[in-house]
Each structure stands twice: as C-alpha cells, then as structure tokens.
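Secondary and tertiary structure notes
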Amino acid sequence: MGKYKGRILFVIAGVLLIIIWDFIYYFVLQYSFNLQVDLLFTTLILFIGYYTGKTYDDSNETVSALSKSEEKIKRLNEELQLVLQNITEVVFHTNSKGEFQFLNNSWEELTGYSLKESLHKNALHFISLHERHEFMRVLRRSISEQKEKTKIDFSFQMRNGQFRWGEVNIKLNYNEEGELAGTVGTISDITERIHNEEELLEMNETLAIESQKLSVAGQLAAGIAHEVRNPLTSINGFLQLLRDDANEKTKEYLEIVFSEIKRIELVLSELLILAKPQSVTYKRINIIHTLDHVAKLLNTNAILYNIEILTSFKQGELYIRGDENQLKQVFINLVKNAIEAMPHGGNIMIGAESKENNQVELTFKDEGVGMKKQTLDKLGEPFFTTKTKGTGLGLTICLRILRDHSADISVQSEQGEGTTFSITFEAAQQQERKKREQTQKV
C-alpha cells in the first residue's frame, strides 16, 4: 500500500478534478455533452495523475533508500571508530609528507603523547635519532621499488624518556603519477619480544661459555687422572711387597688400603665423565652398607674438625640398583661439603629409610652455616661455588650421577640453621619380587 501511495492519491485527485470540471462545464455553464472530448480529457487527467504519483512514489523510495544507506554508513562508521579506538595496536594515516592525519587512542598508551599534540606532526619526529636514518632508508627503497607494503622495526622514546621498541606495518598509497600520496598502517609494541630475544641470545652465549669451560675441565680431568694413577701404581706395588711380610692384623689393614686405592682409581675414572661418559655397572646393592662404609671412612677426618658423623638406619638392609662407586662419590662429596660448612663443629646425621610407593630416602643433615635462597637456586651450576678454593664441579658431577640413577634430590637450608639433602631412589627388592612372581606365573 505504501509503495503505491502517491499513485493512488494522485489518481483520486484526478478523478475529483474530472468530477468538478464536469459539474462546472455541464451543470453550471450548461454546455452540451461531447463524449469524445470528455473521454480524451478524462484519460489525459488520469494519465497525468498516475504518472505524477509514480514519480512521487519512486522519489519516496529513493529518499528512503538514501536514508537507510546513511544510517547504515553512520552505524558502520561508529563501529569502525569503536574498533579503531579500542584495538591494542596503533592505527595511523599520514599524508604524502609523512604527517599524521589520524591516530587512534592506543597511540597515547604507546608513546605517552596526546592525540592533539601528535596529529599533523611528522611521524619521524617520534622516532629515535639513531633509528631515523635506517627507517628512512628502508622507506625510500620501498617507494622507489613501488612496493605496496613494508614492515620496519624501530626504537622510539616515550614522553617520560623511556625507550621502547615498535613494529610498524605500512601500506603505501600512490597517485596516478606513481608518487607517494600517503600511508596507512599499524604500530605494535614489541619491547617484550625484543628483550626476550636478547635474553635468549645472552643465555645461549652463557651456555656456550659454560660448555667450553666444561670441555677444558674435561681435558684437565683426563690429564689429572692419568698423573695420579702413576704414583698410585707405585704405592700399590710397594704395599703388596709389605703385605707379604706382614702379620694378620697388618694384612687386614692393608686390605682396607688396597680397597680404598681401588676406589680412588675408580673415582679418578669418574672424573673422565666431564670429558667422555663412561660405562658403569648397575647392580643390586645394600645402600645401608654403602652409607655405613662412607661414615666410617670420613669419621676420622671429621673428628679433626670437632665433628661427629652419626647414622640413623631404621632397617638393616635397603636395596637399590646402581653403581656403588659412583654413589660413594656422591655421598663422600655431600659429607665433605657438610664438614666444610661447620667451622665450629657439630653433628652430621646420615639417615636412610623405606618410604611409600616403593622408594628409599637418604638424608644428609648438618648443623652448619646454611645457605641463602640465591645460593640454593644456583646449586649444581657448573663452576658455581661458595668456597674460596672450590672448583664448582663437585656437586655438578653428583647431580649428573644421581640423574643417571633416576634419583630425585631436594635441598632445605636456612642461614644459621644448617642444610639437609634428601635423595630418593626406587627400591630394588620389589622389582626383584615382581620378577619372581612373573617367573612363577609362567
């Protein structure tokens, strides 16, 4: 109905006009009736009314369509502005001279400069001087090659003086003559990414240096091992000569010496781990026996420092799988560190007990000076040591041995309260029992 409103109204107006005209022409003026003239006049008036009404309806539709288009454009423009003003990246538009014609609100957050003082200013004004030359070089090359897009990383100084990094993606617009007409683009804050890349590069350099140090240490360890083995061979030979003429008590002592010499040779072999990993022999061992042996071996040395090594074993036998000589090296290193951490004497407690989930836990607790949190965080790093004459390799090798044994180690320490090392192994007896049960089922 609304679509034909004009046509209906104008046709009705035409009909009324014809009626009024006929009334005046025939009844007031009393002219004679002429059918042909009357039909021609009626047809002409109705045609004019219909055509005029159609034109009116078409005009109304055009105006309505334009109004809807304006509303749609207005709504789209509002949505676009909302997106542009709330997007985290800076959106910009510059003219052919590089002056900002548009900036969204993110510009103020990125640079600290207000939109009012930034608009119609040259974009290069906000780029660091040492970056401006490189920025212009890339931009000129892109324009000379008629590139449509380019991307540049640059540093800039915020209003508060802080330097940050940005990544700008530029769309270059040219006129018909091929000259730059202006640009549009976005700027992203990549400061955190740049810092992460710098930290990663620094970390890689540090790891390369540490790797080189370990390589040198491995070569030194190999040389030292060979040099120490030579006098040990002579000592071993002369002790064998002494054993031939010794009494039973002396032979018993000499057997202990021979055992320790053999262990020294194996420990020297373990120094070569820094240069080349060596094969080790894993077998089922009673860790209580191993710990007891280490305690007796170091107790004499501990007494010299007014220190007593105590043991607390809740079971007489606790079995794990591992290389006994390597584990002795770990335990001796931990006890020696504990002795050095107790300049005023005290007690060192070595404990071992069976835990849930088929595990064996060993503890080495001292009453020494303890460690700061910063020191705890660096424990195990190659060449890190708190000792004036330490190499920083002892604990590194220990951690490697424990890792090869699939053992977990934890450290608790407070300054003035001592330090406790806890090492957890998987128990061996349950594994053996499982194997027997599987064999019996078969």
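Preceding block: the structure.
The structure reproduced in this document is the subject of the present report. (Residues numbered from 1 in each chain as written. Predicted model: local features only at pLDDT ≥ 70, side-chain atom pairs only at ≥ 80, totals over all residues. Heavy atoms only, no water.)

Points about the sheet that holds strand S4 (residues 163-174)
Taken together, the five strands give an open sheet; going across it, the order is S2-S1-S5-S4-S3, and neighbouring strands pair in antiparallel fashion. The two strands at the open ends of the sheet, each matched to only one other strand, are strand S2 (100-103) and strand S3 (149-157). On average, each strand axis in the sheet is tilted by 25° relative to the strand beside it, whichever way the strands run. Sheet topology places S4 next to strand S5 (residues 180-189); nine bridges connect them, and they run antiparallel. Each bridged residue has a counterpart across the sheet, and for Lys 171 the counterpart in S5 is Val 184. (Pairing = 2+ DSSP bridges. Helix = DSSP H or I, 4+ residues; strand = E, 2+ residues; numbered from the N terminus. Axes fitted to C-alpha atoms, helices over the stretch in contact; angles between N-to-C directions.)

What to know about the layout of surface pockets
Over the atoms, a rolled probe matching the size of one water molecule traces out where space is still vacant. Roughly 400 Å³ of internal volume is contained in the second largest pocket. Lining the second largest pocket we find 28 residues, and of these Thr 94, Gly 98, Ala 123, Leu 124 and Phe 135 sit closest to its centre. Elements represented by at least two residues in the lining of the second largest pocket include exactly strand S1 (90-95), helix H3 (106-111), helix H5 (129-144), S3, S4 and S5. Looking at the lining of the second largest pocket element by element, the count peaks at four residues for H5. Split by residue class, the lining of the second largest pocket holds 19 nonpolar, eight polar and one charged. (1 Å grid on protein atoms, 1.4 Å probe; cavity = no way out; pocket = protein on both sides within 12 Å on 5 of 7 lines; lining within 4 Å. Points joined across faces, edges and corners; volume = space filled by probe spheres on them. Nonpolar A, V, L, I, M, F, W, Y, C, P; charged D, E, K, R; others polar.)

A few points about the pattern of salt bridges
Counted under the stated rule, the structure contains 13 salt bridges. The shortest N-O distance in the salt bridge between Asp 58 and Lys 54 comes to 3.2 Å. Remark: Lys 54 and Asp 58 occur in helix H2 (residues 35-86); sequence separation between them is four residues, near one turn of the helix. The closest approach of N and O atoms between Asp 292 and Lys 296, which form a salt bridge, is 3.3 Å. With Asp 292 and Lys 296 both in helix H8 (residues 287-303), this residue pair falls four residues apart, about one helical turn. (Salt bridge = Lys/Arg side-chain N within 4 Å of Asp/Glu carboxyl O.)

Concerning helix H9 (residues 324-340)
In a regular helix each residue adds 1.5 Å, so 17 residues correspond to 24 Å; H9 covers 24 Å between its end C-alpha atoms and thus fits that length. Buried residues dominate H9, accounting for twelve of its 17 residues. Those residues of H9 that fall on the buried side of the exposure criterion are Gln 326, Leu 327, Lys 328, Gln 329, Val 330, Phe 331, Ile 332, Asn 333, Leu 334, Val 335, Ala 338 and Ile 339. (Expected span 1.5 Å × (residues − 1). Buried < 20%, exposed > 50% of the residue type's maximum accessible area, 1.4 Å probe, protein only.)

Comments concerning the packing of H8 against H9
Here H8 crosses H9 at 40°, and the two axes come no closer than 10 Å. Comparing their axes, H9 and H8 come out oblique. The two elements H8 and H9 meet at a crossing, and its hand is right-handed. Counting all contacts with H8, which are made through Ile 287, His 289, Thr 290, Leu 291, His 293, Val 294, Leu 297, Leu 298, Asn 301 and Ala 302, the residues of H9 involved are Glu 324, Leu 327, Lys 328, Phe 331, Ile 332, Val 335 and Ile 339. Across the contact of H8 with H9, the residue classes tally to eleven nonpolar, four polar and two charged. (Parallel < 35°, antiparallel > 145°, perpendicular 65-115°, else oblique. Left-handed = near helix turned anticlockwise from the far one by under 90°. Contact = heavy atoms within 4.5 Å.)

What about the packing of aromatic side chains?
Under the criterion given, the structure shown has eleven aromatic pairs. Aromatic side chains Trp 21 and Phe 41 sit 5.7 Å apart centroid to centroid with 35° between the ring planes, which places their arrangement in the tilted category. Highlighted residues: Trp 21 in helix H1 (residues 5-28) and Phe 41 in helix H2, separated in sequence by 20 residues. According to the relative accessible area criterion, Phe 41 is partly exposed, its value standing at 25%. The interplanar angle of 40° and the centroid separation of 6.1 Å between the aromatic rings of Phe 100 and Phe 126 together place this pair among those described as tilted. On the criterion of sequence distance, the pair formed by Phe 100 in strand S2 and Phe 126 in the loop between helix H4 (115-118) and H5 is long-range, its members being 26 residues apart. Judged by its relative accessible area of 3%, Phe 100 falls in the buried class. Judged by its relative accessible area of 9%, Phe 126 falls in the buried class. Members of the aromatic cluster, connected to one another through ring pairs, are Phe 92, Phe 100, Trp 107, Tyr 113 and Phe 126. The ring of Tyr 319 is capped by Arg 284, whose NZ or CZ atom sits 4.0 Å from the centre of that ring. (Phe/Tyr/Trp six-rings, centres within 6.5 Å; stacked < 30°, edge-to-face > 60°. Lys NZ or Arg CZ within 6 Å of the ring centre and 35° of its normal.)

Focus: the sheet that holds strand S10 (residues 359-365)
Overall, mixed pairing links the five strands, which are arranged S7-S9-S10-S12-S11 in an open sheet. Strand pairing shows two members of the sheet lacking a second neighbour, strand S7 (307-313) and strand S11 (408-414), which therefore form its edges. Going across the sheet, the axis of each strand differs from the next one's by a mean of 15°, ignoring polarity. Both S7 and strand S9 (residues 346-355) contribute to a ladder of seven bridges, which runs parallel. Bridge pairing in S9 links Phe 313 to Ala 352. Against the sheet, H8 touches S7, S9 and S10, its axis set at about 165° to S7.

Observations regarding the nonpolar core
Grouped together as the largest cluster of nonpolar side chains are 37 residues, with contacts concentrated most on Ile 287, Phe 331, Val 335, Leu 362, Phe 364 and Ile 423. Mapped onto this core, the elements with two or more residues apiece are H8, S7, H9, S9, S10, helix H11 (394-404) and strand S12 (418-426). Here the element with the most residues in this core is H9; it accounts for eight residues. Core analysis: the next-biggest nonpolar cluster, separate from the first, contains 20 residues, Phe 92, Leu 115, Ile 127 and Phe 135 among them. (Core = buried A, V, L, I, M, F, W, Y, C linked by side-chain atoms within 4.5 Å.)

Here we look at H8
Counted at 1.5 Å a residue, the expected span for H8 with its 17 residues is 24 Å, and the 24 Å between its end C-alpha atoms agrees. If you look at H8, its biggest bend is around 30°, right at Leu 297. For H8, every residue scored as buried is listed here: Ile 287, Ile 288, Thr 290, Leu 291, Val 294, Ala 295, Leu 298 and Ala 302. Looking at the packing, one finds that the buried side of H8 touches strand S6 (283-286), S7, strand S8 (319-322), H9, S9 and S10. (Bend = angle between axes of the 7 residues up to and from the residue.)

That is the geometry; function is a separate question.
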